[in-house]
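Fold and geometry: a report
Here is what each chain is made of, one letter per residue.
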Amino acid sequence: QKQAEACLPGRDATAALARDNFGRARGLPDMRRSLLCALWAAIIALTRASVVDILSRDQPKGELLVAFPIATDDGRQLGDLEFYEKDAAVDAVAAYCAKNELPSWFRKMLAAKVCERTLEADKDLLEKLPVCWRTRALYYEESIQAPDQDRSYPGKLEVWEDEDPTKAVEYFLLQAEKEILKNRTKWDAEHERWEKNRTRNVELVVETEHVARRRSERDKALKQISELDWLLDNHTLSEPMRVPNGWFRKALVDHVCSLPGLSCEGRRKPLPELPITVDGSDKPRGVVRMFEGDEGVDAAYFFGKQHGLSSKEFRESLLAYLCTQEGVSCTRTKARVFSRSPADILGVPEMAYWPNFEVWEGEEATDNAFDYARRYDLDIEQRYALLHAACNDGFVECERGDPISFFFPVHEDGKEKGRVEMSPYQLPGDAVYDYCKREKYLQPKYTKMHVRANLHETFCAALEQDRGLTEAQRISCESGPRTAREPRFVQEFTVSELKYKMPFYDSEFPPCDGRPGPDGLDPSDPLTAENWTVGCVPRELRAGEAFCGRVHPYPPGCGPHMAEFIATSLARAERRRFQMTSPFGYDYYLSLATLRDADNDTLVDAYLAGMAPVAGMLAETLRNLTELNETLRASRETHLHARRALAHARGARRVATEALYDAEYRLKSLRDAVSSAFVEAGSFVSQKRLSPADAVRDAAILFPPIPPTLRGSRKALEEAIDDTNRADELLHAGDLLLDDAQILHGHARPQADHLETMSRVFREGYETLTDKKRRETHDKPCKKIFGACCAKDTDNGGKDIKCGGDFENAE
């Protein structure tokens, strides 16, 4: 407050004296004091609505909407919590809690009740509460102008709920520094280019001063020098600002920490700023800002993340340099990326004394959140709250959404070979099998040595000793490695920028009709209508709901949307079982859906399980083929009748047309004869004085007879046209019947071919894998050579090479 008053323009000598004393007491030059005063003036002028603004103002800016009396658990009355228009609800709650010095967990609980409208009050009052258009309180927001002589950089300083004000200042200065350095780099490059051009022209003038024949070159160079001098003078006037010195940082931190509602308790002494250059450049890549007692490894980690310098060599070099600076602590070699109290994150007061939730360098936040939730018995909602709090921090690496619930390091010859990692969706046997498959421990020689069985036993013992076993895990451990499951496929999807990979197990989502592949999501489809009729939810929809239920919060519409992708994956996986995976043939383990180190009994069970639905599928295929043949036969008969009727109608139409043409010709002849008869009859009447009746009778004698075809030709033509139309309709009906048959039963022929392939592959797989010698040959790895060729080792030390086939991963 005193600093601000000393900077304000005064009307008397007291104010001027205060300003002078303020500058002299801090030993600041007049220019720096004026710049600092400009900073305070900018801060005071550009204040916006925030928690600090609510606490600082004398009168509310808007109308009072509603007020609630608040009391603590011990009955202490704290006063009314008031909500005014134009104030965010969470900001009003945060200002109220800061004014009454309430802990952060109480603030979070109160804000949640306000936003959810669950306060103990009348319904009419709750309806007057403002809508929470954001859930995180904004404590401070300013448009700060960082001065550099007569230039300024406009930037925005924000301090949010649960954010350290000093870190907010560091972030603001970092953004300012990036923008300043970007502008400086562009300006310096342009200025340097003009300087070099001017120097080159000056050298040319000196070189050609006494050479008459190069006078034109010298004149041109002199003209360019004049132009460049003008450009450089004007360019210098537009020089961008430089990075503010340490005094600006300290002044800004002091100001922010002095604001109401912002706590900087235990604020440490800022250390001198350290400009960092890279690759021998004379321009700093950035500035390391630290406080007394900060760990050097943390500062090196954050600086590397901020400036894209995350290589191990750079981090080690920077850490070595920081450890030589006074006030820097170097007690660790691993950076702590995130650390916060669960009471602040979850708003539960009992957690105030729990250990902080932390994420260290190289760790996945989802693994730490899962382990923390397991140790302290938190639900899935609280676990994801910890995860999102860490991921929203900005420096935590959040890629996976699937946590690793337990891992066990495997050593070979005294060195760590790898880790058996188990996800929450797996059983111990599944995790051990995946590891052995990944490390090529499922070959016959390792099976004879019982590698997987021994590792299974060791892994279960370590899991039980670490945290105990659930009932499902205990069954898996006691049943041995034989009960391990291999996923049909792994469904990948992304929610809130977190990647999930969830395995699909047939035993977890069994098909409705016992047949592998998708059950079908369309209840109107004749092929899947029976599943819906008997009330069985398709397995892809069950899996979609289960997969989406493992994510919190549940993505709206996720289940049905995910089911479509799972159905596609199921169909692709089913096709893949009966496709050649190498020039040597099929992957019979994949075809039989069995483990790669399965014994003969397991192979027999897998063969019988694979062949079980074939009989029903064959019967259905035969029925469809029979119906298709009957439909085709009826369609052919209809088509034949239609063609005959059409031919008959066309013949009748041709006969009728010819008769009509003949009738028209005869009618013309009749017309001519009648005309001649009337003329002759008239002359007879005039010459012989005949009566009219006699004249008509005489004229009729001369008339030719009316052709009979004239009476029936038009009727025959109309009947022929009708017959043709009916024949066309009959022919069209036959075509439609044939199309319907193709739609309803057209899949029967491909299905019959697929059944033949299934039966053949199952039989070959059973015969191959139950024969010791043939199985050893089948299990030998196939190494890709010569592009589209594959080689296997032979017993005599040679190579068996075959070319062609599909080399795509069988999974």
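Our next topic: the overall build of the protein. From N to C terminus, the protein includes 28 helices and 15 strands. The burial tally for the protein puts 39% of its 811 residues in the buried class. By sequence separation, contacts in the protein at least 24 residues apart represent 59% of the contacts at least 6 residues apart. Of the roughly 46,600 Å² that the protein leaves accessible, carbon and sulfur atoms contribute 52%.

In an α-helix there are 3.6 residues to a turn, and that puts residues three or four apart on one side. All buried positions along helix 19 (residues 471-479) are accounted for by Q473, S476 and C477. Projected down its long axis, helix 19 shows its buried positions confined to an angular sector of 95°, all on one face. For helix 19, the exposed residues set more than 90 degrees away from the buried face come down to E471 and E478. Check the buried side of helix 19 and you find it contacts strand 10 (415-422), helix 16 (428-438) and helix 18 (451-467).

With an omega of -5°, the peptide bond between H552 and P553 qualifies as cis. Following the sequence through the fold, P553 ends up in the loop between helix 21 (539-549) and helix 22 (558-576). Phi angles above zero are rare outside glycine, and A593 is one such case at about 55°. Overall, the relative accessible area of 52% leaves A593 in the exposed class.

On to helix 18. Spanning 17 residues, helix 18 covers 24 Å between terminal C-alpha atoms, matching the ideal 24 Å at 1.5 Å per step. Within helix 18, burial applies to V451, R452, L455, H456, F459, C460, A462 and L463. Seen along its axis, helix 18 keeps its buried residues to an arc of 165°; they face one direction. More than 90 degrees from the buried face of helix 18, the exposed residues found are E457 and Q465. Buried positions along helix 18 lie against strand 9 (406-412), strand 10, helix 16, helix 17 (444-448) and helix 19. Just past helix 18, the residue G468 takes up positive phi, approximately 85°.

What follows concerns the pairing of strand 11 (residues 489-495). By the alternation rule, side chains of strand 11 split into F489, Q491, F493 and V495, which are all buried, and V490, E492 and T494, of which none is buried. Alignment of strand 11 against strand 12 (residues 498-504), held across 7 bridges, turns out to be antiparallel. If you follow V495 over to strand 12, its bridge partner there is L498.

Turning to the packing of aromatic side chains, a few remarks are in order. Under the defined criterion, the tally for this structure stands at 20 aromatic pairs. Judged by centre distance (4.8 Å) and plane angle (70°), the ring pair of F302 and F395 falls under edge-to-face. Pair noted here: F302 is in helix 11 (residues 296-307) and F395 is in the loop between helix 15 (380-391) and strand 9, with a separation of 93 residues, a long-range link. Aromatic side chains F509 and F547 sit 6.0 Å apart centroid to centroid with 85° between the ring planes, which places their arrangement in the edge-to-face category. In this pair, F509 is assigned in the loop between strand 12 and helix 20 (529-533) and F547 in helix 21, connecting sequence segments 38 residues apart.

Look at helix 5 (residues 89-99) against helix 6 (residues 104-116): their axes get within 10 Å of each other, and the N-to-C directions meet at 145°. In terms of crossing hand, the pair formed by helix 5 and helix 6 is right-handed. From helix 5, A89, V90, V93, A94, Y96 and C97 reach across to helix 6, where they touch F106, R107, L110, A111, V114 and C115.

So, about the pattern of salt bridges. Counting across every chain of the model gives 38 salt bridges. The salt bridge partner of D162 is K108, with a shortest N-O separation of 2.7 Å. Of the two residues, D162 is situated in the loop between strand 4 (151-160) and helix 8 (165-207) and K108 in helix 6; the sequence distance between them amounts to 54 residues. Residue D162 is classed as partly exposed on the basis of its relative accessible area of 30%. We note a salt bridge from R474 to E464, for which the minimum N-O separation is 3.7 Å. Separated by 10 residues along the polypeptide, R474 in helix 19 and E464 in helix 18 bring together distant segments of the chain. Given a relative accessible area of 30%, R474 falls into the partly exposed group. Linked through salt bridges whose partners overlap, the residues forming this network are R107, K108, E161, D162 and R340.

This next bit is on the packing of helix 18 against helix 19. Between helix 18 and helix 19, whose axes approach to 9 Å, the crossing angle comes to 150°. Judged by the inter-axis angle, helix 18 sits roughly antiparallel to helix 19. In the packing of helix 18 onto helix 19, the handedness of the crossing is left-handed. In contact with H456, C460, L463 and E464 of helix 18, helix 19 contributes Q473, R474, S476 and C477.

Relative to the helices and strands, N368 resides in helix 14 (residues 365-375). Here E363 takes part through its side chain, which lies 2.7 Å from a polar atom of the side chain of N368. Contacts of N368, omitting those with residues within four sequence positions, involve F357, E358, V359, W360 and E363.

The next point concerns the state of the cysteines. Applying the stated criterion across every chain yields a total of 8 disulfides. Disulfide pairing is shown between C460 and C477; the S-S distance is 2.2 Å. Sign of the S-S torsion, about -90° for the bond between C460 and C477, identifies this disulfide as left-handed. With C460 in helix 18 and C477 in helix 19, this pair connects stretches of sequence that are 17 residues apart. In this structure, C460 and C477 share a single accessibility class: buried.

This brings us to the sheet that holds strand 14 (residues 789-793). One open sheet holds the 3 strands; their spatial order is 13-14-15, and the pairing between them is antiparallel. Lying at the two open borders of the sheet, with one neighbouring strand each, are strand 13 (783-785) and strand 15 (799-803). Recorded for the sheet is a direction-independent mean angle of 35° between the axes of neighbouring strands. Where strand 13 and strand 14 come together, 3 bridges link them in antiparallel fashion. By the bridge assignment for strand 14, K783 is matched with A791.

Cut-offs applied
- Residues numbered from 1 in each chain as written.
- Predicted model: local features only at pLDDT ≥ 70, side-chain atom pairs only at ≥ 80, totals over all residues.
- Heavy atoms only, no water.
- Helix = DSSP H or I, 4+ residues; strand = E, 2+ residues; numbered from the N terminus.
- Buried < 20%, exposed > 50% of the residue type's maximum accessible area, 1.4 Å probe, protein only.
- Contact = heavy atoms within 4.5 Å.
- Areas by Shrake-Rupley, 256 points an atom, 1.4 Å probe, with all protein chains shown as cover.
- Arc of directions from axis to C-beta.
- Expected span 1.5 Å × (residues − 1).
- Pairing = 2+ DSSP bridges.
- Phe/Tyr/Trp six-rings, centres within 6.5 Å; stacked < 30°, edge-to-face > 60°.
- Axes fitted to C-alpha atoms, helices over the stretch in contact; angles between N-to-C directions.
- Left-handed = near helix turned anticlockwise from the far one by under 90°.
- Salt bridge = Lys/Arg side-chain N within 4 Å of Asp/Glu carboxyl O.
- Parallel < 35°, antiparallel > 145°, perpendicular 65-115°, else oblique.
- Polar contact = N/O pair within 3.5 Å; in protein donor to acceptor, adjacent residues only side chain to side chain.
- Disulfide = S-S within 2.5 Å.

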